[in-house]
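Residue-level structural notes
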Amino acid sequence: MAKTVSAIEISADLLQRLHRIHRQINDLQGQIDRGPRKIAAGEAMVQKCRQAVVDAGDTIKRTSLLADQRQKQLAEREDRIETLRGKLNAAASNREYDSFKEQIAADEQANSVLSDEILELLERIDQLELERQQRQTELDQRLGEQQQLIAEVEQQSTSLKHDLATVQAERAEAEALIPAGARAEYNRLVSARGEEALAPVDNETCGGCYQKLTTQFINQIMLNQLVRCPNCNAFLYRRNAG
Ligand SMILES: [Zn+2]
């Protein structure tokens, strides 16, 4: 096993610090990125509630239209009954009289059925109106929650960005201490892998990929030499208990 970077000395504390900094950056960035996703999820819920109100309104409109049609039918038939009643007195024969009577009875029967149907439709409209109001209340509630969420996310984001700037400043300070000979490789690895560019050694094993390390590697790490994991390429460091 050849050394990947030969005998560059680097402080274990510095590597541990850099690893901690990269973990913090990753964590803060993750929290910042989750903000807009939370808002978008909330917005989808608002949209769903808004659609439910529109749908409820459409159902009321359709049912009202049907009720209007039925009422018009009822009125037309009532007019016809009136006309037939007028004709009763002018009937030319008993047969004609009976015929008018039968027509009146049939129309009255039909209108009785229609009246029941209209009553049911009107009751249904009242019920639908209550449901629409319920959907509207849900929408208003959801809109309030969404406003609150946006305010919370904005507040958190401001605080998180402030923390991130602090950690980034600390990162620049720590990275200035990286030996010149290791800097290019460090930069390349960090930009590709982020916090996984560094790994502690735990029980002679790489803390990043759990590869068992040879005694030669362990000895080099103990001498504060810069060592890369032969498996995952991470910069290895001896963990400091403090
Ligand atoms: Zn590894």
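I will try to describe carefully the structure that is included in this document. Remember, it's a predicted structure, so these values are computed and weren't measured experimentally. (Residues numbered from 1 in each chain as written. Predicted model: local features only at pLDDT ≥ 70, side-chain atom pairs only at ≥ 80, totals over all residues. Heavy atoms only, no water.)

**With respect to the environment of Ala 165**
For the record, the criterion: A helix here means a DSSP run of H or I that spans at least four residues, while a strand means a run of E at least two residues long, and both kinds are numbered starting from the N terminus. Throughout this description, buried means an accessible area under 20% of the type-specific maximum (1.4 Å probe, protein chains only), exposed means over 50%, and partly exposed covers the range between.
Here Ala 165 is to be found in helix α2 (residues 94-175). Taking relative accessible area as the criterion, Ala 165 reaches 47% and is therefore assigned partly exposed. Sequence separation between Ala 165 and Gln 134 is 31 residues, and the spatial gap between their C-alpha atoms is 46 Å.

**Let's talk about the nonpolar core**
Defined as follows: As used in this record, nonpolar core signifies buried Ala, Val, Leu, Ile, Met, Phe, Trp, Tyr and Cys residues forming a set joined through side-chain atoms within 4.5 Å. Contacts between residues were defined by any pair of non-hydrogen atoms, one from each residue, lying within 4.5 Å.
If you look at the biggest cluster of nonpolar residues, it comprises 23 residues, and the most contacted ones within it are Leu 15, Leu 18, Ile 178, Tyr 186, Leu 198, Leu 226 and Phe 235. For this core, the elements supplying multiple residues, two or more each, are α1 (12-89), α2, α3 (180-193) and β4 (235-238). Top contributing element to this core by residue count: α1, with 7 residues. Once you skip the residues sitting within four places of it in the chain, Phe 235 turns out to touch Leu 15, Ala 182, Glu 185, Tyr 186, Leu 189, Ala 197, Leu 198, Ala 199, Leu 226, Val 227 and Arg 228. Formed by 12 residues, the second largest nonpolar core is a distinct cluster that contains Leu 213, Cys 229, Cys 232 and Ala 234.

**Examining the pattern of salt bridges**
Note the following rule: When a carboxyl oxygen of Asp or Glu lies within 4 Å of a side-chain nitrogen of Lys or Arg, that pair is called a salt bridge.
The final tally for this structure, using the stated rule, is 14 salt bridges. Arg 70 serves as the salt-bridge partner of Glu 117, at 2.8 Å between the closest nitrogen and oxygen. Highlighted residues: Glu 117 in helix α2 and Arg 70 in helix α1, separated in sequence by 47 residues. You can call Arg 70 partly exposed: its relative accessible area is 21%. For Glu 129, the salt bridge is made with Arg 132, and the minimal N-O distance between the two is 2.9 Å. Taken together, the positions of Glu 129 and Arg 132, both in helix α2 and 3 residues apart, correspond to about one turn of that helix. Residue Arg 132 is classed as partly exposed on the basis of its relative accessible area of 27%. Because the salt bridges share partners, they merge into one network encompassing Arg 17, Arg 20, Glu 170 and Glu 173.

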